Amino acid sequence: MKTIIFATGNKDKMREIREILGGYGAEILSMREAGIISDPDENGKTFEENALIKASAVHEKLPEQYKDAVVLADDSGLVVDAMDGMPGVLSARWMGRDTSYHVKNAQIIENLKDVPVEKRTARFVDAIAAVLPDGTEKTVRGVIEGRIGYEERGENGFGYDPIFMLPDMSVSTAELPPEEKNRISHRGRALRAMAAELFGEQG
């Protein structure tokens, strides 16, 4: 069985990862479950660079029993066109790491208060990096297009999900059932692309 160690301690993210990759027969562990503590400086200029920084840092700390594991890491964010692409690669740190997403979401809505619906375009981007046991690196990217809503909607998502509306503005990604969100989300698309790289098949 292939072991995958994901460079995150985010429980919501790990739940999504296990739901999406669960059918491939791999053992999926968070870095904490593997006994690894890592918090590298994410100073890359792209999502791919930051994902590789995180994956490489964990790969270097693999305990002996996990030397044959594949290390995955992702870097994702919300790109808002009317905010010149912000928060972008700074999405997790924008307004401070300890600032709640409820506050961040409210600020984005305020920033776009005079922006008409057709110019509220945005996208979620997720780049996933893999470091294989021999040190080989791979990256993939998943994207979902949408628009910024006028209020938070939905309880199923996390982060910026409650203000990210699908293009027809009918529903936010936080209003989607988990299986539907995983099917269309940026993370779902990136994880399936990475699974194709690792397992040689599409999920």
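The structure presented is a predicted model; accordingly, all values stated were derived computationally and were not measured. (Residues numbered from 1 in each chain as written. Predicted model: local features only at pLDDT ≥ 70, side-chain atom pairs only at ≥ 80, totals over all residues. Heavy atoms only, no water.)

Attention now moves to unusual backbone geometry. Following methionine 86, the chain continues into proline 87 via a peptide bond in cis, with omega recorded as -5°. Structurally, the position occupied by proline 87 is in the loop between β3 (70–80) and α3 (101–111). With phi around 55°, aspartate 84 is a residue other than glycine that occupies positive phi space. Relative to the helices and strands, aspartate 84 resides in the loop between β3 and α3. (Helix = DSSP H or I, 4+ residues; strand = E, 2+ residues; numbered from the N terminus.)

Attention now goes to α3. All of the buried residues along α3 are Lys104, Asn105, Ile108 and Ile109. Down the axis of α3, the smallest arc covering the buried residues is 140°, so these residues share one side. In this fold, the buried residues of α3 make contact with β3 and β5 (137–148). (Buried < 20%, exposed > 50% of the residue type's maximum accessible area, 1.4 Å probe, protein only. Arc of directions from axis to C-beta. Contact = heavy atoms within 4.5 Å.)

To continue, consider the packing of aromatic side chains. Within this structure, the stated rule accounts for 3 aromatic pairs. Summarising the aromatic geometry, the rings of tyrosine 24 and phenylalanine 199 are spaced 4.9 Å apart at their centres and angled 15° between planes, so their arrangement reads as stacked. Here the residue tyrosine 24 occupies a position in the loop between α1 (11–21) and β2 (27–30), and phenylalanine 199 occupies one in helix α5 (residues 186–199), the gap between them amounting to 175 residues. Between tyrosine 101 and tyrosine 160, the aromatic rings sit 4.9 Å apart at their centres with planes inclined by 90°, giving edge-to-face as the arrangement. With tyrosine 101 in helix α3 and tyrosine 160 in the loop between β5 and β6 (164–165), this residue pair connects regions lying 59 residues apart in the sequence. Tyrosine 160 sits in the buried class, given a relative accessible area of 5%. Looking at lysine 104, its charged tip hangs above the ring of tyrosine 101, at a distance of 4.4 Å from the centre. Above the face of the tyrosine 150 ring, arginine 120 is positioned so that its terminal group lies 3.9 Å from the ring centre. (Phe/Tyr/Trp six-rings, centres within 6.5 Å; stacked < 30°, edge-to-face > 60°. Lys NZ or Arg CZ within 6 Å of the ring centre and 35° of its normal.)

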